[in-house]
Every structure is written in structure tokens, then in C-alpha cells.
Amino acid sequence: MTRSIQRRPLVAANWKMNLLPREGAALARELLPRIREETGFVDVVLCPPYPGLAAVADVLEDGAVGLGAQNSHWEESGAYTGEVSPRMLLTLACQWVILGHSERRQLFGETDEGVNQRTRAALAAGLNPILCIGETLDQRDAGQVESTVLGQLDRGLDGLTAEEVLAVAVAYEPVWAIGTGRTATPEEAESVHALIRDRLREGFGEAADAVRILYGGSVKPENAGELFGQTDIDGGLIGGASLRAEDFAAIVRAATREAEQP
Ligand code: 13P
């Protein structure tokens, strides 16, 4: 199957808990001239930590590169110390939000049910969620890749309409590949992406063909092209390599090359 024209590649930078606001703004300024042409072919999104959103938004003001946050709550306001609502993010010019990252699940106890509530609230507010799913090494070794990943997908998207799912990007991030330097092979990743696509088709019909499924986990300039060349890999969610302008720009260029393939 050839890549659907509807699926413009998406490359998102997850800066995690790195960079002070002025450092984030400096990185965005360094990055912009390196990817200006690519933004005609690829959607690029930067996701700084909350305190850096305003400073990075100022740098991105022409809108060619999108802005995202790394989490959001399901309520609009209230007694939820430490949380941030989707509407608050909209006032900071965010269009995207990463939800259900494995670090949130593993280190901060987030559950599929909570991730689903966050996803629904983000959509209702008009944000585009990047829903992260992925198995641990133990689950992979126990032969539980499919049940884990599809279970997280089903529960994360529970209750969404086909129209809503079009606003979501799914990020497959095998936990054993995050920050470890160990990347899934293109074939390993594609086999899971194809399962995700099939499951989206079962749940949402042909809308599934327009949903971007990103790969995340030790994506680097050296492996990005081969990963993005897979049929169901529509871009990436990049951690460590997104903190270096040259590396992230090279990854965006790799996605552009794939987008230009007939
Ligand atoms: P690395 O690219 O550092 O492995 O991180 C991936 C990730 O967690 C992106 O959300």
C-alpha cells in the first residue's frame, strides 16, 4: 500500500524536563532557519516544558512550526495542584499536547482511564493530542506487545468519534527504546504500527487511514529515514535528539524526503 496523501508526516520534539525558557527560545531560533523549507511538507511541533511555552511561542510566531505541551488535565479549573488545563494551554498558543507518555505512566502513576479523560478534554477544548502507547521490555519478552499496545490504544481512545480521532496522533514508543539508544528495527516498529492501524480501522473506519502514527524511542538522524520509510510510520516523537538543532533538523529532513516519495 502506498502512503496515503492524507497523511502528511508529523515530527514532534519532546524536550521533557529540559531547557530553561531562554534556552528553549534559543534552540527554537537555531532550528527555524534549518527547517523552513521542510515545513512545507512536514508538520513540525515543539513541546517544551510549561515554563518555556511562552518564550518558544514568541519565536514561532509565524506559525510554520507548531507548539505543544507535555500534558494537560481533564478539568477546566479547580483544586488540582500541579495540573494545567487545556484552555490554559490554548491561551499560550499551544495546538498540541502529549498525553499518556510512558514516563507519566511509569513515574507518576497515570492510568489508561486518566489518559482517556485527558484526551477527551483536550479534544473538547480544541487541542490535538499526541497519545503515547508502548510496551515495556518485560511485556515484550512475555509476548504481550499486541495486548499491551492495543489495550492502551482502545482505552485511550474510548468514546471518541471518527471525526475526533482525526485530530489525534498516536505515538508508538516502546519503553525499552526510550533514551536507551536501542531503537526498534524498522520492521519491528512497522509490525506494531500496522497492528495499530488495523485496530483504528476496526474502531473508526476509513478515518484510520488519515491518522498519523508516530514512532518514538531513540530516533536519530542515522535511523530516521529507514523508520519513516515504513508504510505505517508517519513521523516521529523525538526526545534526546530534539535537544540539538542539527540533529532534529536532520530528522525533519528525513521525514521530508519520505513525504516527497511518489
Ligand atoms: P528518546 O528519543 O530520547 O529515546 O525519547 C523518546 C521519547 O520518549 C519521546 O517522547
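What comes next is a walk through the structure. (Residues numbered from 1 in each chain as written. Predicted model: local features only at pLDDT ≥ 70, side-chain atom pairs only at ≥ 80, totals over all residues. Heavy atoms only, no water.)

1. Section: the nonpolar core
Among soluble globular proteins, nonpolar side chains are generally buried collectively.
Thinking step 1. Core analysis: the largest hydrophobic core is formed by 68 residues, its most contacted members being Leu46, Ile196 and Phe228.
Thinking step 2. Ranked by the residues each element gives to this core, the list is headed by helix H11 (residues 245-260), at 7 residues.
Thinking step 3. Formed by 12 residues, the second largest nonpolar core is a distinct cluster that contains Ala12, Cys47, Cys132 and Ala171. (Core = buried A, V, L, I, M, F, W, Y, C linked by side-chain atoms within 4.5 Å. Buried < 20%, exposed > 50% of the residue type's maximum accessible area, 1.4 Å probe, protein only. Helix = DSSP H or I, 4+ residues; strand = E, 2+ residues; numbered from the N terminus.)

2. A look at the sheet that holds strand E6 (residues 169-172)
Thinking step 1. On the basis of which strands lie adjacent, the closed barrel formed by 8 strands has the order E1-E2-E3-E4-E5-E6-E7-E8 and parallel pairing. Mean inter-strand twist for the sheet, computed between neighbouring axes without regard to direction, equals 25 degrees.
Thinking step 2. Where strand E3 (residues 66-69) and strand E4 (residues 96-99) come together, 2 bridges link them in parallel fashion. Considered in E4, the bridge of Ala69 is made with Val97.
Thinking step 3. Across the face of the sheet, helix H7 (residues 145-156) comes into contact with strand E5 (128-133) and E6 while running at roughly 155 degrees to E5. (Pairing = 2+ DSSP bridges. Axes fitted to C-alpha atoms, helices over the stretch in contact; angles between N-to-C directions. Contact = heavy atoms within 4.5 Å.)

3. Topic: the site of the ligand
Thinking step 1. Taken together, the residues surrounding the ligand are Asn14, Lys16, His101, Glu173, Ala177, Ile178, Gly179, Gly217, Ser218, Leu237, Gly239 and Gly240.
Thinking step 2. Lys16 is positioned with one of its side-chain polar atoms (N or O) 2.8 Å from an oxygen atom of the ligand.
Thinking step 3. Taking 310 Å² as the accessible area of the ligand by itself, protein coverage stands at 95%.
Thinking step 4. Within the shell around the ligand, the residues separate by chemical class into 3 nonpolar, 7 polar and 2 charged. (Near = heavy atom within 4 Å. Polar contact = N/O pair within 3.5 Å; in protein donor to acceptor, adjacent residues only side chain to side chain. Areas by Shrake-Rupley, 256 points an atom, 1.4 Å probe, with all protein chains shown as cover. Nonpolar A, V, L, I, M, F, W, Y, C, P; charged D, E, K, R; others polar.)

4. With respect to the layout of surface pockets
Thinking step 1. Size it by volume and the largest pocket reaches roughly 450 Å³.
Thinking step 2. What lines the largest pocket is a set of 18 residues, and nearest its centre among them are Met17, Gln70, Asn71, Arg104 and Phe108.
Thinking step 3. Its residues assigned to classes, the lining of the largest pocket comprises 6 nonpolar, 7 polar and 5 charged. (1 Å grid on protein atoms, 1.4 Å probe; cavity = no way out; pocket = protein on both sides within 12 Å on 5 of 7 lines; lining within 4 Å. Points joined across faces, edges and corners; volume = space filled by probe spheres on them.)

5. Focus: helix H10 (residues 221-228)
Thinking step 1. Residues of H10 that are buried include every one of Asn223, Ala224, Leu227 and Phe228, and no others. With its buried residues spanning 125 degrees around the axis, H10 presents them on a single face. For H10, the exposed residues set more than 90 degrees away from the buried face come down to Glu222 and Glu226.
Thinking step 2. Residues of H10 that are buried in the fold lie against strand E1 (10-14), helix H9 (186-204), strand E7 (213-216), strand E8 (235-238) and H11. (Arc of directions from axis to C-beta.)

6. So, the environment of Leu20
Thinking step 1. Tracing the backbone shows Leu20 in the loop between E1 and helix H1 (21-35).
Thinking step 2. For Leu20, a relative accessible area of 46% translates into the label partly exposed.
Thinking step 3. Each C-alpha atom, one on Leu20 and one on Pro48, is 9.2 Å from the other, the two residues being 28 residues apart in sequence.

7. Some remarks on the environment of Ala93
Thinking step 1. With respect to the helices and strands, Ala93 occurs in the loop between helix H3 (86-91) and E4.
Thinking step 2. Distance in space between the C-alpha atoms of Ala93 and Glu61 is 9.1 Å, their sequence separation being 32 residues.
Thinking step 3. Once residues within four sequence positions are removed from consideration, Ala93 is found in contact with Ala57 and Leu67.

8. Let's talk about the packing of H7 against H9
Thinking step 1. For the pair H7 and H9, interaxial distance at closest approach is 10 Å and the crossing angle is 40 degrees. Of the possible angle classes, the one that applies to H7 and H9 is oblique. Handedness of the H7/H9 crossing: right-handed. Facing H7, whose interface residues are Val145, Glu146, Val149, Leu150, Leu153 and Asp154, H9 presents Val192, Leu195, Ile196, Arg199 and Leu200.
Thinking step 2. Counted by class, the contact of H7 with H9 contains 8 nonpolar, no polar and 3 charged residues. (Parallel < 35°, antiparallel > 145°, perpendicular 65-115°, else oblique. Left-handed = near helix turned anticlockwise from the far one by under 90°.)

Everything listed here is a matter of geometry and, on its own, says nothing about what the molecule does.
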